Amino acid sequence: MQPMLAASFGRGAPTVPEKAREHVRRRLAAILFAGHGRLRPGDEADNFASVTRLVSEIIKPQVLKSGGNIIRWTGDATLIEFDSIIEAVRCAAALREAVSQSNQAMRPEQRIGIRMGINLDDIIAEGGDVFGDGVNIAARLEALAEPGSVYVSEIVRDRVAGRLQFDFKDLGPHRLKNIAKPVRVFQLGDEVAEQSAPLADGGGIAASPAGFDDRRAIAVLPFVNFSGDPEQEFFADGITEDIIAMLAGWRSFPVIARASTFTYKGQTVDIRKVGEEFGVRYLVEGSVRKSGGRVRVTVQLIQADTGHHIIAERYDRDLTDLFELQDEIATTIAGAIEPELLKFERDRIAEQPQLNEDAYELYQRGVWHHYRHTKEDNIEAQAYFRRALVLDAQYAQAAAALALALCNAAYLNWAEDAEANYAEAYNLAQRAVSLDPRYPAARFALALVSSWSGRTDRSVAEYKEAVKLNPSYAAAHVMLGAWLTYMGEPEKAIPLVENGIRLSPSDPRLFIWLPSLATAHYQLRHYDQALEIARRAWSLKRNWPLGLPYVVAGYVQLGRMDEARAALSELKKLDPNFSMVRTTLERLYKDQAGLKHLLDALRKAGFE
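Each chain carries its own residue numbering, running from 1 in the written order of its sequence. Per-residue local features of the predicted model are confined to residues with pLDDT of at least 70, and side-chain atom pairs are confined, for both listing and counting, to 80 or more; whole-chain, interface and lining totals are unaffected and use all residues. No hydrogens and no water enter the side-chain calculation; it runs on all heavy atoms of the structure.

## Side note on the overall build of the chain
Okay, so step 1: The secondary structure listing takes helices from DSSP runs of H or I that are at least 4 residues long and strands from runs of E that are at least 2 residues long, numbered from the N terminus. In terms of helices and strands, the chain carries 24 helices and 13 strands.
Okay, so step 2: Within the chain, buried positions represent 58% of all 608 residues.
Okay, so step 3: Any two residues whose heavy atoms approach within 4.5 Å at even a single point are treated as in contact. Restricting to contacts in the chain with at least 6 residues of sequence separation, those with at least 24 account for 66%.
Okay, so step 4: Per-residue accessibility takes into account occlusion by the displayed protein chains alone, with areas from the Shrake-Rupley method and a 1.4 Å probe. Accessible surface, the chain: about 25,100 Å² in total, of which carbon and sulfur atoms supply 48%. Residue exposure (1.4 Å probe, protein chains only): buried if accessible area is under 20% of the type maximum, exposed if over 50%, otherwise partly exposed.

Laid out in structure tokens, this is it:
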């Protein structure tokens, strides 16, 4: 068997798709999408309270009774999954009747409208969420419906006709946004008259509810082999499969399964049409070209609806061990895509006006503030994360992000009670892990908080678990290396930190990561390297103090005392009493000899 053919059957074909399926799986499901809101304008807080009561007192009990599962509630819409289409339709009818009866006891301005769409189709389940055309069609049907109405697709009507005592009115075929073929729509019975008024703008239902049909998913198209060498076909497929598996490991963005994207193998694609078919916002495409003993791999991350290239990278490598080369390239590509995609997504949301309360949007707005690394933005970030958790208490991403924000506020002296922050952050990080044990960022949050709260063994174990879950998780590589330095093992730290930076060389957190590398070099007495790296970190963000101690100490160790004192004066501007730097160093360093080595140099420059 030829080497690349062996690679395909021995590794790429069975193993990687199985790994991807751990995170992304398809199943047939009945989807009920319910939109709800006040029928008349009113106070925003009252509107929200009314909808909250609707969900807790009517929707949840009825869904539980019908054997359904509420996937998500965004304030003005609820997404529900059923194993049985019969139960989905019965539940919709019962909800419509229950809302109607509830409204009879309310004043007209307090009444709630509910409208629903039901579809039966394959869905993609990932990270506690579901998406795909099975969900999209249900959401589009809900958007068509009037308050008090239930609209269903033709397949739903066909499955329940003769089995339930309901009449269906044929509304004809409709073209639904982002759905390739027209869908024949049926109305279940008649609409409830007292719910038939348009929903109020202030508490109404968005035509495209955020988080359901405007998906943030990503699809990786098969990499094209431009080599003219059939063996490279397996190499290209293997890279594609590995990237799919690694991106699925983030659990931050749903990733379309290989079986779906590989239907485009060998075809010339229209990016916009592919994006519409899969219902995704982002696409990855690339190519492989062999020349002699070298191979060139190109990759582009593209915004599907506009064709805008977010990143375009090229990787040239020697053709040596093909397994190792495939691993290295796929890991590098996934590591490059992750921070750019997350940054693009949070910038996209931050630029838009906030029109409603949506947990995902609130989370992304919080992340945008979090990455600005100021006290004021940290406060804003915490507020957004808390609001996201109020809307969705099971939101592991928001819980992990709030834990990180609280931890940052504590160690940067932005919190009134640092120990209270650490305690809450630790509880939140544990909660995030319990909500989604395979979410790498939850493990990372627990590791970081454990580092700062003195739980050394837990910290190392969680950093390692984060890397295991997502080998391209740059921040986890860096912080694991940093922690090893604080434990007295700087020689082990350097390759970890360097690998993390290599995975994400333009990461917005680089000014935080570089001091970790400077620390390891300083403890190994590589003073020139430590100084150069620490100065680079300081140049990236002048208001971040934690790299400056290694600038000062590096100058001292090299005998450049005037420059050491000048750098110390800059540090004093950021931390007038050096209290934050001193507390930080004493809290992190477990290697007392290493701490003394640093403090002795700082004191020679005037550190008190």
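## Considering the nonpolar core
Okay, so step 1: To define a nonpolar core, start from buried Ala, Val, Leu, Ile, Met, Phe, Trp, Tyr and Cys residues and group those joined through side-chain atoms within 4.5 Å. Counting 136 residues, the largest nonpolar core has Ile218, Phe223, Val297, Leu301, Ile333, Ile337 and Leu585 as the members making the most contacts within it.
Okay, so step 2: The biggest single contributor to this core is helix α13 (residues 396-411), with 13 residues.
Okay, so step 3: One finds Val55, Ile80, Val150 and Val152 within the second-largest nonpolar core, a separate group that totals 33 residues.

## As for the packing of aromatic side chains
Okay, so step 1: Centre distance within 6.5 Å is the pairing criterion for rings of Phe, Tyr and Trp, where only the six-membered ring of Trp is used; planes under 30 degrees apart are then read as stacked, over 60 as edge-to-face, and the remainder as tilted. Considering all chains together, one arrives at 11 aromatic pairs under this definition.
Okay, so step 2: Measuring from ring centre to ring centre gives 6.0 Å for Tyr363 and Phe385, while their planes differ by 40°; the resulting arrangement is tilted. Separated by 22 residues along the polypeptide, Tyr363 in helix α11 (residues 359-370) and Phe385 in helix α12 (residues 375-391) bring together distant segments of the chain.
Okay, so step 3: With a centroid separation of 5.5 Å and an interplanar angle of 35°, the aromatic rings of Phe444 and Tyr473 are classed as tilted. Remark: Tyr473 occurs in the loop between α16 (456-469) and α17 (474-486) and Phe444 occurs in helix α15 (residues 440-452); sequence separation between them is 29 residues.

## Re the pairing of strand β13 (residues 309-318)
Okay, so step 1: Bridging between strand β12 (residues 294-303) and β13 involves 9 bridges; their strand directions are antiparallel. Counted as the bridge partner of Val297 is Tyr315 from β13. One bridge is not enough; two strands pair if DSSP finds at least two bridges between them.

## As for the packing of helix α21 (residues 548-557) against helix α24 (residues 592-604)
Okay, so step 1: Only the stretch in contact is used when a helix axis is fitted, and all axes are lines through C-alpha atoms; the angle between N-to-C directions ranges over 0 to 180 degrees. Packing of α21 against α24 leaves a shortest axis separation of 8 Å and a crossing angle of 75°. Looking at the two axes, α21 sits roughly perpendicular to α24. Where α21 approaches α24, its residues Pro549, Tyr550, Val552, Ala553, Val556 and Gln557 are matched on the opposing element by His597, Leu598, Ala601, Leu602 and Lys604.
Okay, so step 2: Three classes are used: nonpolar for Ala, Val, Leu, Ile, Met, Phe, Trp, Tyr, Cys and Pro, charged for Asp, Glu, Lys and Arg, and polar for all others, with Gly counted as polar. Across the contact of α21 with α24, the residue classes tally to 8 nonpolar, 2 polar and 1 charged. Here the angle decides the label: under 35 degrees means roughly parallel, over 145 means roughly antiparallel, 65 to 115 means roughly perpendicular, and every other value means oblique.

## Some details on helix α23 (residues 579-588)
Okay, so step 1: Listed as buried for α23 are Met580, Val581, Thr584, Leu585 and Leu588. Buried residues of α23 fall within an arc of 125° about the axis and therefore sit on the same side.
Okay, so step 2: Close packing links the buried residues of α23 with α13, α15, α17, α21, α22 (561-574) and α24. Working note: the arc is built from the helix axis to C-beta atom directions.

## Looking at the packing of helix α20 (residues 527-540) against α21
Okay, so step 1: Two elements in contact, α20 and α21, have axes separated by 8 Å at closest approach and are oriented at 145°. Considering the relative orientation of α20 and α21, their crossing is left-handed. The residues of α21 that touch α20, namely those facing Tyr527, Leu531, Ala534, Arg535 and Trp538, are Leu548, Tyr550, Val551, Gly554, Tyr555 and Gln557.
Okay, so step 2: A breakdown of the residues in the contact of α20 with α21 according to their chemical character gives 8 nonpolar, 2 polar and 1 charged. Here is the rule for handedness: rotate from the far helix to the near one, and if that takes an anticlockwise turn smaller than a right angle the crossing is left-handed, while a clockwise turn gives right-handed.

## Section: helix α9 (residues 271-278)
Okay, so step 1: Within α9, the full set of buried residues consists of Ile271, Val274, Gly275 and Phe278. All buried residues of α9 fall inside an arc of 100° around its axis, so they share one side.
Okay, so step 2: The opening residue of α9 is Asp270, an N-cap whose side-chain oxygen sits 3.0 Å from the backbone nitrogen of Arg272. Any pair of nitrogen or oxygen atoms within 3.5 Å is treated as a polar contact; in protein, a donor-acceptor pairing is required on top of that, and neighbouring residues in sequence qualify only through side-chain atoms on both sides.

## Quick notes on unusual backbone geometry
Okay, so step 1: Of note in the backbone geometry, Arg525 takes a positive phi value of approximately 70° without being a glycine.
Okay, so step 2: By the element assignment, Arg525 lies in the loop between α19 (510-523) and α20.
Okay, so step 3: The phi angle at Phe578 is positive, at roughly 60°, despite the residue not being glycine.
Okay, so step 4: Mapped onto the fold, Phe578 is located in the loop between α22 and α23.
Okay, so step 5: Classification of Phe578 by relative accessible area gives buried; the value is 4%.

## Quick word on the pattern of salt bridges
Pairing between side chains becomes possible if they bear opposite charge and their charged atoms approach one another.
Okay, so step 1: When a carboxyl oxygen of Asp or Glu is within 4 Å of a side-chain nitrogen of Lys or Arg, the pair counts as a salt bridge. Applying the stated rule across the entire model yields 23 salt bridges.
Okay, so step 2: The salt bridge involving Arg115 is made with Glu142; its shortest N-O contact spans 3.0 Å. Of this pair, Arg115 sits in strand β4 (residues 112-126) while Glu142 is found in helix α5 (residues 133-144), placing the two residues 27 residues apart along the sequence. Just as Arg115 is buried, Glu142 falls in that class too.
Okay, so step 3: Within this structure, Glu233, Asp237 and Lys265 form a network of salt bridges that share partners.

## Points about the environment of Ile218
Okay, so step 1: Note that Ile218 resides in strand β9 (residues 218-220).
Okay, so step 2: Along the backbone, Ile218 and Tyr282 are 64 residues apart, and their C-alpha atoms lie at a distance of 4.7 Å.
Okay, so step 3: Setting aside residues no more than four positions away along its own chain, Ile218 makes contact with Leu247, Phe253, Pro254, Val255, Ile256, Val280, Tyr282, Val284, Leu301, Ile337 and Leu341.

## Brief notes about the side chain of Arg115
Okay, so step 1: Among the residues examined, Arg115 registers a relative accessible area of 11% and is labelled buried.
Okay, so step 2: One polar contact links the side chain of Arg115 to the main-chain carbonyl oxygen of Ala145, over a distance of 3.5 Å.

## Points about the environment of Lys273
Okay, so step 1: Note on placement: Lys273 falls in helix α9.
Okay, so step 2: Separated by 93 residues in the primary sequence, Lys273 and Ala180 have C-alpha atoms spaced 9.0 Å apart.

## Regarding the side chain of Ser504
Okay, so step 1: You can see Ser504 is positioned in the loop between α18 (490-503) and α19.
Okay, so step 2: At 2.9 Å, the side chain of Ser504 forms a polar contact with the side chain of Asp507.
Okay, so step 3: Once residues within four sequence positions are removed from consideration, Ser504 is found in contact with Gly335, Pro339, Ala474 and Trp513.

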